[in-house]
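For reference, the chains in residue letters:
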Amino acid sequence: MNIDQSQDSCIFCKIARHEIPANVRFESDEIIAFDDINPSAPIHVLVIPKVHITSLRATEIDDQMLLGKLVYRAKLLAEELNIAESGYRVSINVGKWGGQIVSHLHLHILGGAPLTTKLAVATVDESVPLTH
Ligand code: 5GP
Ligand code: ZN
């Protein structure tokens with residue numbers, strides 16, 4: 001597990017510590033899930049580990065169980081949010097070209113409407129530093 005020193009200022013750590021508000025959909029000792037502040041679909045929930053892990057890239061072999069719990073929690077939340085039957089997407093953005101903005105591992109659950117199948121190429125903003 002790769003833990004850096006930025007967790008004091010990390011926005012998702014602050015949500016996990018209930019220091020800033022979020023519409024929480026699920027919480028356990030290890031995981032918290034909450035609505036995305038800028039939703040890309042009618043249902044857009046983020047599932048995160050409470051521990052500060054910067055990215056999927058930073059995970060290690062001992063994180064496999066936690067990663068499985070995050071994915072399974074996404075499946076359970078999709079059922080609870082009534083988007084499972086119609087279909088939904090679970091995605092993880094990794095690093096600069098993967099579209100990762102927040103440097104705290106998170107799964108996106110997107111659903112509630114038909115989603116675009118375009119997952120591929122966008123314009124890269126070269127001003128964004130590679131931090132993941
Ligand atoms: P990324 O692009 O890093 O995969 O996704 C980060 C997501 O976090 C974005 O969809 C963005 O809207 C969401 N986000 C950023 N800041 C906040 C916040 O303060 N609260 C909540 N609930 N979501 C946030
Ligand atoms: Zn964090």
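Preceding block: the structure.
Every value quoted in this text rests on a predicted model; they were computed, and no experiment measured them.

The rules behind these values
- Residues numbered from 1 in each chain as written.
- Chains lettered and ligands numbered in written order.
- Predicted model: local features only at pLDDT ≥ 70, side-chain atom pairs only at ≥ 80, totals over all residues.
- Pairing = 2+ DSSP bridges.
- Helix = DSSP H or I, 4+ residues; strand = E, 2+ residues; numbered from the N terminus.
- Axes fitted to C-alpha atoms, helices over the stretch in contact; angles between N-to-C directions.
- Near = placed C-beta within 6 Å.
- Nonpolar A, V, L, I, M, F, W, Y, C, P; charged D, E, K, R; others polar.
- Buried ≥ 20, exposed ≤ 12 C-beta atoms within 10 Å, placed from the backbone.

**Q** Describe the sheet that holds strand 1 (residues 24–27), listing the residues and the values that go with them.
**A** Hydrogen bonding along the main chain pairs the strands of a sheet, whether they run parallel or antiparallel. The sheet built from five strands is open, its strands ordered 1-2-3-5-4 with antiparallel pairing. Strands with a single pairing partner mark the edges of an open sheet, and in this sheet they are strand 1 and strand 4 (88–91). Direction aside, neighbouring strands of the sheet carry axes that sit 15 degrees apart on average. Relative to strand 2 (residues 31–35), strand 1 runs antiparallel, the two being bridged by three bridges.

**Q** An account of the site of ligand 1 is requested, with residue identities and associated values reported.
**A** Ile 37, Asn 38, Asn 93, Ile 101 and Val 102 are the nearest of the 13 residues found near ligand 1. Looking at the shell around ligand 1 residue by residue, the classes come out as seven nonpolar, four polar and two charged.

**Q** Describe unusual backbone geometry, naming the residues involved and giving the relevant values.
**A** Positive phi outside glycine occurs at His 18, with the angle close to 60 degrees. Secondary-structure assignment places His 18 in the loop between helix 1 (11–16) and strand 1. When the 11 C-beta atoms within 10 Å are taken as the criterion, His 18 is described as exposed. The phi angle at Asn 82 is positive, at roughly 60 degrees, despite the residue not being glycine. Judged by local crowding, Asn 82 falls into the exposed class, with 11 C-beta atoms found within 10 Å.

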